[in-house]
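Architecture and fold: a report
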Amino acid sequence: MKIAVPKEIKNHEYRVALTPSGARELVGRGHVVTVQAGAGEGAGFRDGDYEAAGARLEADVAKVWSEAELILKVKEPQPEEVARLSRGQTLFTYLHLAAEEPLTRGLMESGATCIAYETITAPQGGLPLLAPMSTVAGRMAVQAGAHSLEKAQGGAGVLLPGVPGVAPARVTVIGGGVVGENAARMALGLGAEVTVLDKSIPRLEALDDRYQGRMKTVFSTADALEEAVRESDLIIGAVLVPGAAAPKLITRAMLADMKPGSVLVDVAIDQGGCFETSKPTTHAEPTYVVDGVVHYCVANMPGAVARTSTQALTNATMPFVTALADKGWKQALADDSHFAAGLNVHEGQVTYQAVADAFDLEYVEAAKLIG
Ligand SMILES: NC(=O)C1=CN([C@@H]2O[C@H](COP(=O)(O)OP(=O)(O)OC[C@H]3O[C@@H](n4cnc5c(N)ncnc54)[C@H](O)[C@@H]3O)[C@@H](O)[C@H]2O)C=CC1
Ligand SMILES: CC(=O)C(=O)O
Ligand SMILES: [Mg+2]
């Protein structure tokens, strides 16, 4: 199969969808791998590393896209990338469609087969291709929050661990999944006072068991959210309803109850965000202030630690990439219902229920197309 790896073009996105060792494996299986010149640079992989692995290098981005059967990316395609896609091609990347109607419609119009990393499931539960980046983003959320609490960033001037004689900051994490647990763990490590809110009792039980009471676990209700808003110095939004737009859990009116200079980090921004006042930001300009509250809403947080993130992401994606390349999308998905859960759009049809619901589009079951 002809496989292409374009250079990512989103703001400050330095990850790449395939490492040289991944390229070596695909080439070894008889596939033709074309890497856009410079695609791996931001993650510390040189063009020569890909060449040594047997990949072809191509400087012309138009050719990278047009000659491919399978396109491997990291971030959801940007408008100029959507325009390059065509019928018969398979795109494998993060899509987060429920957060973006124009992208959904653009992919439908392209006619391409679009498989999202973030909706693929696993037999043991969870989202195996979202988890590695959620781990990174959860860990980064505390760094971002701590930095945003500094005065120069518009924050209240609070140090997360406090100092002897001065109480530590209060950190609330909403959503105790992969992002939430990793954020809570980092905040604990820095000495903050940590509370995790979730609607899943099993998740709260797991956290309580694992951290032995060192973080508070609270069932997420309107009351609990109001208390979090009043008491917290830093709130991290980490909820997910798979494939769907995030619920808005903190409204603009609630910001009035927050301490001036407190911070909201909305990691769930890639699914539209879980705070009403969230809007996507970039690593170039990560924060803005609404009603005295600092908002950090970067939708590609792991891109900033591209070396770590690329390795973690490709460790998880490679078995799926190999199946797509060896068997073609239809057979690969037919052989694995968890992989089939990744199919979001095929030849103009939306095959993921939550995406169809978000934009009132017709839903077609993936199983019908796979046969
Ligand atoms: N901004 C970025 O760069 C990145 C963002 N993400 C995003 O972070 C979000 C969280 O991802 P994961 O932790 O992997 O998901 P997860 O599925 O592991 O955890 C989500 C948790 O939210 C809980 N939840 C759902 N609705 C809730 C509600 N109304 N109140 C309280 N808890 C609720 C669920 O019970 C679950 O425990 C996703 O939107 C994901 O795409 C992930 C990686 C990078
Ligand atoms: C999950 C995602 O969208 C990211 O890592 O950028
Ligand atoms: Mg994202």
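Residues numbered from 1 in each chain as written. Chains lettered and ligands numbered in written order. Predicted model: local features only at pLDDT ≥ 70, side-chain atom pairs only at ≥ 80, totals over all residues. Heavy atoms only, no water.

Moving on to the UniProt feature "active site" (unreviewed entry) in the protein chain. This chain's UniProt record puts "active site" (unreviewed entry) on His-96 and Asp-270. A maximum C-alpha distance of 6.4 Å places the annotated residues, which cover 175 residues in sequence, within one compact spot. Considering only the residues just annotated, the largest pocket is lined by His-96 and Asp-270. When you line up the elements, His-96 lands in the loop between β5 (90-93) and α5 (101-110). Dropping the residues within four chain positions of it, His-96 is found in contact with Lys-75, Glu-76, Glu-118, Asp-270 and Gln-271. Engagement of the side chain of His-96 in a polar contact is seen with the side chain of Asp-270, the distance being 3.2 Å. Among residues more than four places away in sequence, those in contact with Asp-270 are His-96, Ala-99 and Ala-299. (UniProt positions renumbered as here; feature names shortened; annotations may be inferred. 1 Å grid on protein atoms, 1.4 Å probe; cavity = no way out; pocket = protein on both sides within 12 Å on 5 of 7 lines; lining within 4 Å. Helix = DSSP H or I, 4+ residues; strand = E, 2+ residues; numbered from the N terminus. Contact = heavy atoms within 4.5 Å. Polar contact = N/O pair within 3.5 Å; in protein donor to acceptor, adjacent residues only side chain to side chain.)

This paragraph deals with the coordination of the magnesium ion (ligand 3). Taken together, the protein ligands of the magnesium ion (ligand 3) are Lys-75 (NZ) and Ala-299 (O), with distances of 2.5 Å. Of this pair, Lys-75 sits in the loop between β4 (70-72) and α4 (79-82) while Ala-299 sits in the loop between β13 (293-296) and α11 (306-327), and the two are 224 residues apart along the sequence. Residue Lys-75 shares its accessibility class with Ala-299, and that shared class is buried. (Donors = N, O, S within 2.8 Å, 3.2 Å for Na, K, Ca; no water. Buried < 20%, exposed > 50% of the residue type's maximum accessible area, 1.4 Å probe, protein only.)

We now examine the sheet that holds strand β14 (residues 343-346). Overall, mixed pairing links the eight strands, which are arranged β3-β2-β1-β4-β5-β6-β14-β15 in an open sheet. Only two strands of the sheet have a single neighbouring strand rather than two, namely β3 (56-58) and β15 (349-350). Judged from the three bridges that link them, β4 and β5 form a sheet pairing that is parallel. Bridge assignment links Leu-70 to a residue of β5, and that residue is Thr-90. (Pairing = 2+ DSSP bridges.)

Quick look at the environment of Val-298 now. One can find Val-298 in the loop between β13 and α11. By relative accessible area, which is 1% here, Val-298 ends up buried. Taking the C-alpha atoms as reference points, Val-298 and Asn-11, separated by 287 residues in sequence, lie 10 Å from one another. For Val-298, the residues in contact, after removing those within four places along its chain, are Ile-269, Thr-281, Thr-282, His-283 and Pro-286.

Interface size is often expressed as the accessible area that is lost when the parts come together. Here the domain parsing of the protein chain yields domain 1 (2-120 + 305-370) and domain 2 (136-299). When domain 1 packs against domain 2, the two sides together hide about 1,000 Å² of surface, and 62% of this comes from carbon and sulfur. Along the contact surface separating domain 1 from domain 2 lie three residue pairs in polar contact (both at pLDDT 80 or more). When grouped by side-chain class, the residues that make up the side of domain 1 that touches domain 2 number six nonpolar, five polar and three charged. (Domains from an automatic or database assignment. Buried area = accessible area lost by both parts, 1.4 Å probe. Nonpolar A, V, L, I, M, F, W, Y, C, P; charged D, E, K, R; others polar.)

Turning next to the pairing of strand β1 (residues 2-5). Note that β1 and strand β2 (residues 32-36) share four bridges and pair parallel. Bridge pairing in β2 links Ile-3 to Val-33. Crossover β1 to β2 through helix α1 (residues 20-28) is right-handed. (Right-handed = clockwise from strand over helix to strand, strands pointing away.)

With that settled, the discussion passes to α11. Look at α11: 30 Å from first C-alpha to last across 22 residues, which is about the 32 Å you get at 1.5 Å a residue. Bending of α11 peaks at approximately 45° at the position of Thr-317, with proline Pro-319 no more than four residues after it. The first or second residue beyond α11 is Gly-328, which carries a positive phi of 85°. (Expected span 1.5 Å × (residues − 1). Bend = angle between axes of the 7 residues up to and from the residue.)

A few words on the confidence of the model for the protein chain. Close reading of the predicted structure is inappropriate where its pLDDT is low. Scored by pLDDT, the protein chain has a mean of 97; 100% of the residues are at 70 or more. Scored as a whole, the predicted complex attains pTM 0.96, and scored at its interfaces, ipTM 0.98. (pLDDT = per-residue confidence, 0-100.)

Here we come to the site of ligand 2. Taken together, the neighbourhood of ligand 2 is formed by Arg-15, Lys-75, Tyr-94, His-96, Leu-130, Met-133, Asp-270, Ala-299, Asn-300 and Pro-302. Between an oxygen atom of ligand 2 and a side-chain N or O atom of Lys-75, the distance comes to 2.6 Å. Between ligand 2 and Asp-270 there is a distance of 3.5 Å, counted from an oxygen atom to a side-chain nitrogen or oxygen. Across the complex, the protein chains shield 95% of the 220 Å² of accessible surface that ligand 2 would expose by itself. When its residues are assigned to classes, the shell around ligand 2 shows five nonpolar, two polar and three charged. (Near = heavy atom within 4 Å. Areas by Shrake-Rupley, 256 points an atom, 1.4 Å probe, with all protein chains shown as cover.)

Close contacts around ligand 1 come from 28 residues, with Ser-134, Val-179, Asp-198, Asp-270 and Met-301 the closest. Within the side chain of Asp-198, one N or O atom sits 2.7 Å away from an oxygen atom of ligand 1. Note that a nitrogen atom of ligand 1 is positioned 3.0 Å from one of the backbone N or O atoms of Val-298. Contact with the protein chains hides 89% of the accessible area of ligand 1, taken as 870 Å² for the molecule alone. More than half of the atoms of ligand 1 fall within 2 Å of the grid points belonging to the largest pocket. Here the shell around ligand 1 gets three residues from one element, more than from any other, and that element is helix α6 (residues 131-148). (Sits in = over half its atoms within 2 Å of the grid points.)

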